[in-house]
Amino acid sequence: LSAPTPAEPHVTPARRRRLPSLSFVWFVPILALAVSLAIAWQSFADRGVLIEIAFESASGVVADKTELKYRDVTVGVVEQVAFSSDLTHVVVGVRVAKNVAPFLDEDANFWVVRPEVSTQGISGLNTVLSGVYIEGRWNSEAGEARTEFQGLDREPLADGTRPGTAILLRAKEGNSIVAGAPILYKGIKVGAVEAPELARGGDSVVIRGFVEAPYNQILTRNSRFWDISGISVSVGAGGVSLDFTSVASLVQGGISFDTLVAGGEPARSGQTFTLYAGPEEARASLLEDPSASRLRVLAVFDGSVAGLTEGAQVRFRGAPVGEVTSVGLVAETEGNRRVVRLQAVLSLRPGRLGLDDPDPVESMDFLGDLVAQGLRAQLSTASILSSDLVVNLAEMPEAAPAALVSEGDSLPRLPTVPAEMADLNATAEGVFERINNLPVEELMAALQGLIESANALVASDDTRQVPAELNATLAELRSLAPGLEKTLTEAQGTLSQTRLIVEDLRASGATENINNVLTSAASAADAVETAAGELPKITGRVNGLVGKAETVINAYGDSSRLITGALATLRDISEAADAMRTLARTLQRNPNSLILGR
Amino acid sequence: MEDTRTQGLTTARQAGLVACTRCGRVHRPERARCSRCDAPLNPAGRKSMQAVWAWLVAGIVVYIPANIYPMLRTSTLLERSESTIIGGAIDLMHHGSYGVAAIVFIASVLIPVGKFIAIGYLALDLTPSTLMNKHQRHRLYEVVEFIGRWSMIDVFVVAILSALVQLGSVAIINPGIAAVSFALSVAFTMLSAQALDPRLIWDEDEKEEPV
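Cut-offs and rules
- Residues numbered from 1 in each chain as written.
- Chains lettered and ligands numbered in written order.
- Predicted model: local features only at pLDDT ≥ 70, side-chain atom pairs only at ≥ 80, totals over all residues.
- Heavy atoms only, no water.
- Helix = DSSP H or I, 4+ residues; strand = E, 2+ residues; numbered from the N terminus.
- Buried < 20%, exposed > 50% of the residue type's maximum accessible area, 1.4 Å probe, protein only.
- Contact = heavy atoms within 4.5 Å.
- Areas by Shrake-Rupley, 256 points an atom, 1.4 Å probe, with all protein chains shown as cover.
- Core = buried A, V, L, I, M, F, W, Y, C linked by side-chain atoms within 4.5 Å.
- Expected span 1.5 Å × (residues − 1).
- Pairing = 2+ DSSP bridges.
- Axes fitted to C-alpha atoms, helices over the stretch in contact; angles between N-to-C directions.
- Parallel < 35°, antiparallel > 145°, perpendicular 65-115°, else oblique.
- Left-handed = near helix turned anticlockwise from the far one by under 90°.
- Nonpolar A, V, L, I, M, F, W, Y, C, P; charged D, E, K, R; others polar.
- Phe/Tyr/Trp six-rings, centres within 6.5 Å; stacked < 30°, edge-to-face > 60°.
- Patch = residues over 30% accessible without salt bridge, like charges linked within 9 Å, V, L, I, M, F, W, Y side chains within 5 Å.
- Salt bridge = Lys/Arg side-chain N within 4 Å of Asp/Glu carboxyl O.
- Lys, Arg positive; Asp, Glu negative; His and termini not counted.
- Charge placed at Lys NZ, Arg CZ, Asp CG, Glu CD.
- pLDDT = per-residue confidence, 0-100.
- Arc of directions from axis to C-beta.

1. What to know about the overall build of chain B
At step 1: Secondary structure assignment for chain B yields 8 helices and 5 strands.
At step 2: Sequence-ordered secondary structure for chain B, helices as α and strands as β, is α-β-β-α-β-β-α-α-α-α-β-α-α.
At step 3: With 211 residues in all, chain B has 42% of them scored as buried.
At step 4: Once local pairs closer than 6 in sequence are excluded, the contacts in chain B between residues at least 24 apart make up 63%.
At step 5: Surface summary for chain B: the accessible area is close to 11,600 Å², and the carbon and sulfur share equals 65%.

Written out as C-alpha cells, the structure reads:
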C-alpha cells in the first residue's frame, strides 16, 4: 500500500519542467500554417490582374475556359463574361499574368480569334477544335498600365509589335476597298489595309494601311499609291484588253504602290499618302510637288458649268497650273436681284506660274497684278471629244478692268469672262451643238402643217366639188352642143333654102314671084333674125360657162392635162361663140348678104 | 462510476506503475524503456496533450488549402480543367453519380471534419461532466484511430490517376496542391489521434474521483 506514494513525486517535477517550455511538436502546425499562408500569399500574389475588355459581341468566349494569348502563349484566362451597364457591350474580365500586366497600356489591342474563311485564305483553323481565344498584342515597353480596354473586331494591321510602317491613305472614295485588301508592290503582297473610314471633315476617306518589313524600306515619301480594285476593260489598237490584278483584289479591292523617284527620305510611321485612281494619275502626280503652297481663289461663272468637276485642270496658256477643288452654288445679291451662281474654288500652284518664292502673300499680289493686266477665268473644253471643262486663265488686256477682290474672310475672287463661242464651235461638241441648234423641228412642223393643209384641201368638200362642177360644166356643154348643131343645121338649111330661092329667081326671073320671094326672104331673114337673136343668149351662156370653168380651173391649178384639155375646149367653144356672134351681127346688119352671098 | 465493471479495477497509475503504450506491460516508474518491446516509457501527461493539439492544429491548417486549391488538373486536347474536392463531388452529383459523389464527400469531407471534432472533443473534454463516459470516449478514440487511414482514399485516387493518365498532349492528369495538402492533413490528424494518450481518459477520470 506504500506503492502509490513514490509515484507522486515522480510526476510533479516532470510537470514543472515541461510547463514553461512548449513541445517541439508545435513546430509542425506553425510550419503548416506558414507553408499554407505562403502558398496562399503566393497564389494571391501571382493571381494576376483582372482586366476588362469590352467587345461588341463575345461569341464563343466562355468564362474560365477561353484564354488570352500573347504570341500564341497563354497569359490569362477569362474569368467572367458580363454586360456593360447599358447592355451595349459585352465586358470580358480576363485575369492576366502579373508579369504581363504592366505592358498592358494604351497600345494594347485585343481581338477574338475565330475560324475565318476569306478570299485570302483560312485563318484561325486551330480554334475550330479548341474554341475561340482572345489574342492580345502590345509592345515591349511598359507604359501606364490600364485595366479597361476596348476589344477590336479583327486583328489590327499595325500594332507596333511587328516590324513595318503604318501608313495613312487618303482617297476620295472608299467604295472599292474592303478591310484586309492587300497592298501590292510589283504584284507581291507587302501589306494590307483596314476598312476605309471617313476623314474628320467628311470630305474624304482615310484608309489605314500597314506595309510589312522589309518591304517598308521601299516606301519613301515619294511613293505613290493607286487603286487596283476591280476590272479595267480597255479598247485600243491592240484589241480589247481585260485587266485585273488578282481575284482577291477583284473582290476586296487592292492597292498598289511604287516608288518611281529614288532618293526620297524613308516614310515615317503614320505618313499620309494620297490614293490615286490609277497608275497614270499616280505617275503624273509625281511631277508635282504635293508640299508646294497653293493659292486658293474663287471663280464665279454665269450659266452652266456642266462638265466642270472637282479635279478639273486650271490652265494658263495651255499649261496646267492648278485644279478645281470644289464646285458649288452660291447665292448673291446683284443690285436688288438675288441670283444663284456657280462657284468653283481653284487651287493654283504659284510655282507653276513661274514664282519661285512660295510666300503666299507675294503670290497673291502677283496674281492680283496679273488680274489687273487682264487675267480672267474662262471655261473651255478640255478636248475635242470630251465634254469635260477646264478653267482657262485667259489674258484679255481689253477686258473691262477688274481686280482680285476678297469679300470678308472669303477667298479672293478671280474675275471671269463668258466662254468664247468660237472656242465652243471649234470643237466637235460645238458642231453637235450647232446641229442641235438647227430649227429642224420648226422645219418639220412647217412641213407637217403643209401636208396637213394639203390633206385638208383635198379632203375638203370644196375641192371635191371641183371635179363635180367641171363634170357638170362639161355635161352642160355637151347638152349645149346639140342645140348649137341644130342652130347651125337650121342656119345651113336656111342658107340652102335661100340658095334654092336665089337659083329659082335666077332660073325663072319672074317678077311676080319676086314679092313672094322677097316676103319669103324677109320671113327667112326674120327667122334668121330670131335665130340670131337667140344667139347672143347662147353666147352669153357659153361665156358664163367658160368663165365659171375658168375660175374652177384657176382654183384647181393649171398643170393638169384634164384642165388643159378643158381649157382648149373652152377656148374652142369661146371661138365658136365668137364666130357665132360675128355671124349673128353680120346677119343682123346685112341680112341680104345671106342672099347675095357676101 | 456508473460502470460497474470498472469499479473494482485498479489502474496502473493507482498501483504506481507505468504501462507500456505499445505492448501494455507495466513497469516501475524508474524504468525508461519497456523491458519487453523496448519502447520508451513515459507517463501520461501534458506533453502528450501538446502533441495532440499541435498535430490537430496542423491538420486543420493544411485542410483549408486542401479544399480551396484544385485536387486534380486535367488537360485534354480540347480543354483544361481543375477540380477541387467539393467541386468534384458536386460535378459527380450533377452527372448523376450520387453514390460516388457520396463516397467522395464522406471520405474527403465528413470523415476528416468528424475527426477534427472528435479529437478536439477528446482532447478538451477529459472531465467527467460530459455526455460520454470513459468507455464511450475510449471507443470513439478507437474509431477515430481506425477510420483515419480511410480518408486517404481521395489521395490514392489522385495518385493512381496521375500515374496512369499521362498520354502526352491528348490527356494529362496532374495532382494539384490540394492533393498534397489533403494527404498532409490526413497524416497530421492520424498523428494527432496517435498522440492522444488513451491512458489520460482513465487517469483524468480517476483524478476527479476522491482518492
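2. With respect to the overall build of chain A
At step 1: Looking only at helices and strands, chain A has 13 helices and 26 strands in total.
At step 2: Out of the 598 residues in chain A, the part that is buried amounts to 33%.
At step 3: Looking at chain A alone, contacts between residues at least 24 apart form 65% of all its contacts between residues at least 6 apart.
At step 4: For chain A, the accessible area works out to roughly 36,000 Å², and carbon and sulfur atoms hold 56% of it.

3. A closer look at the nonpolar core
One broad trend across soluble globular proteins is that nonpolar side chains are buried collectively.
At step 1: The biggest cluster of nonpolar side chains holds 41 residues, and the ones touching the most others in it are Met71, Phe182 and Leu196 of chain B.
At step 2: When contributions to this core are tallied by element, the ones reaching two or more residues are helix H2 (46-68), helix H4 (98-124), helix H5 (134-147), helix H6 (153-164), strand E5 (171-175) and helix H7 (177-195) of chain B.
At step 3: Looking at which element gives the most residues to this core, the answer is H2 of chain B, with 11 residues.
At step 4: Not counting residues within four places of it along the chain, the set of residues in contact with Met71 of chain B comprises Ser83, Thr84, Ile85, Asp154, Val155, Val158, Asn174, Pro175, Gly176, Ala178, Ala179 and Phe182 of chain B.
At step 5: Listed in part, the 25 residues of the second largest apolar core include Val314, Phe316, Leu346 and Leu393 of chain A.

4. Some remarks on H7 of chain B
At step 1: The first and last C-alpha atoms of H7 of chain B sit 27 Å apart over 19 residues, in line with the 27 Å expected at 1.5 Å per residue.
At step 2: Inspection of H7 of chain B places Ala178, Ala179, Ser181, Phe182, Ala183, Ser185, Val186, Phe188, Thr189, Ser192, Ala193 and Ala195 of chain B among the buried residues, and these make up the whole buried set.

5. Side note on the sheet that holds strand E4 (residues 80-83) of chain B
All names here are of chain B.
At step 1: Here we have 3 strands laid out as an open sheet, ordered E4-E3-E5, and antiparallel in their pairing. Each having just a single partner strand, E4 and E5 make up the two edges of the open sheet. Strand-to-strand twist in this sheet, taken as the mean axis angle between neighbours without regard to direction, amounts to 15°.
At step 2: Looking at chain direction, strand E3 (residues 72-76) and E4 are connected through 4 bridges and run antiparallel. Pairing of Leu72 across the sheet is with Ser83, part of E4.

6. Some thoughts on the packing of H4 of chain B against H7 of chain B
Residue and element names in this part refer to chain B.
At step 1: Look at H4 against H7: their axes get within 11 Å of each other, and the N-to-C directions meet at 30°. Taken together, the axis directions place H4 and H7 in an arrangement best described as roughly parallel. Handedness of the crossing formed by H4 with H7: left-handed. Judged by residue contacts, Ala107, Ser108, Pro112, Lys115, Phe116 and Ile119 of H4 engage Phe182, Ser185, Val186, Thr189, Met190, Ser192 and Ala193 from H7.
At step 2: When the residues that make up the contact of H4 with H7 are grouped by side-chain class, the tally is 8 nonpolar, 4 polar and 1 charged.

7. A short note on the environment of Thr325 of chain A
Residue and element names in this part refer to chain A.
At step 1: Structurally, Thr325 can be placed in strand E22 (residues 319-334).
At step 2: A residue is classified by how much of its surface remains accessible, and Thr325, at 28% relative accessible area, is partly exposed.
At step 3: Considering only alpha carbons, one finds Thr325 and Gln313, 12 residues apart in sequence, at a separation of 9.5 Å.
At step 4: Leave out the neighbours within four places in its chain, and Thr325 touches Arg296, Glu310, Val345 and Ser347.

8. Some thoughts on the sheet that holds strand E23 (residues 337-348) of chain A
Residue and element names in this part refer to chain A.
At step 1: Strand order in the open sheet made by the 7 strands is E24-E25-E21-E22-E23-E20-E26, with mixed pairing throughout. Strand pairing shows two members of the sheet lacking a second neighbour, strand E24 (375-381) and strand E26 (413-414), which therefore form its edges.
At step 2: One ladder, built from 4 bridges, connects strand E21 (residues 313-316) with E22; its direction is antiparallel. Bridging from a neighbouring strand, Arg315 pairs with Pro320 of E22.

9. Focus: the pairing of E21 of chain A
All names here are of chain A.
At step 1: Side chains of E21 alternate between two faces, with Val314 and Phe316 buried and Gln313 and Arg315 left unburied.
At step 2: With antiparallel pairing between neighbouring strands as the criterion, E21 and E22 make up a hairpin whose turn holds 2 residues, including Arg317 at a positive phi of roughly 55°.
At step 3: Both E21 and strand E25 (residues 389-395) contribute to a ladder of 3 bridges, which runs parallel. What sits directly across from Phe316, in E25, is Leu393.

10. Side note on the packing of aromatic side chains
Residue and element names in this part refer to chain B.
At step 1: For the structure shown, the criterion picks out 10 aromatic pairs over all chains.
At step 2: An angle of 70° between the planes, with centres 5.4 Å apart, marks the rings of Tyr63 and Phe116 as edge-to-face. Separated by 53 residues along the polypeptide, Tyr63 in helix H2 and Phe116 in helix H4 bring together distant segments of the chain.
At step 3: Between Tyr63 and Phe182, the ring centres sit 6.1 Å apart and the planes meet at 45°, which makes this aromatic pair tilted. Remark: Phe182 occurs in helix H7 and Tyr63 occurs in helix H2; sequence separation between them is 119 residues. Neither residue differs from the other here; Tyr63 and Phe182 are each classed as buried.

11. Focus: a negative patch on the surface
At step 1: A contiguous patch of negative charge, built from Asp359, Glu362, Asp365 and Asp369 of chain A, is present on the exposed surface.
At step 2: Structurally, Asp359 of chain A is set in the loop between E23 and helix H6 (360-372).

12. Some details on the pattern of salt bridges
At step 1: Summed over all chains, the structure comprises 5 salt bridges over all chains.
At step 2: The partner of Glu395 of chain A in a salt bridge is Arg317 of chain A, and the shortest N-O contact between them spans 2.7 Å. With Glu395 of chain A in strand E25 and Arg317 of chain A in the loop between E21 and E22, this residue pair connects regions lying 78 residues apart in the sequence.
At step 3: Given the relative accessible area of 40%, Glu395 of chain A is considered partly exposed.
At step 4: Here Glu82 of chain B ties to Arg73 of chain B by a salt bridge, and the two come within 2.2 Å at their closest N and O atoms.

13. Digging into the confidence of the model for chain A
All names here are of chain A.
At step 1: Averaged over every residue, the pLDDT of chain A is 74; residues scoring 70 or more account for 72%.
At step 2: Within chain A, no element has a lower average pLDDT than helix H1 (residues 4-18), which sits at 47, and none a higher one than strand E4 (residues 90-96), at 89.
At step 3: This model gives residues 9-20 a pLDDT under 50, and the stretch forms 4 contacts once residues within four places in sequence are excluded.

14. Details of the packing of helix H3 (residues 85-94) of chain B against H4 of chain B
All names here are of chain B.
At step 1: At a closest axis distance of 8 Å, the pairing of H3 and H4 adopts a crossing angle of 165°. It follows that H3 is roughly antiparallel to H4 by the angle criterion. Note on packing geometry: the crossing formed by H3 with H4 is left-handed. Across from Ile85, Ile86, Ala89, Leu92 and Met93 in H3, the residues of H4 making contact are Tyr98, Val100, Ala101, Val104, Phe105, Ser108 and Val109.
At step 2: Its residues placed into classes, the contact of H3 with H4 shows 11 nonpolar, 1 polar and no charged.

15. Observations regarding H5 of chain B
Residues and elements named next belong to chain B.
At step 1: With 14 residues, H5 should reach 20 Å at 1.5 Å per residue; the first-to-last C-alpha distance of 20 Å fits that figure.
At step 2: When we look at burial in H5, the residues that qualify are Lys134, Arg137, Tyr141 and Val144. One side of H5 carries all its buried residues, which in axial view fall inside an arc of 85°.

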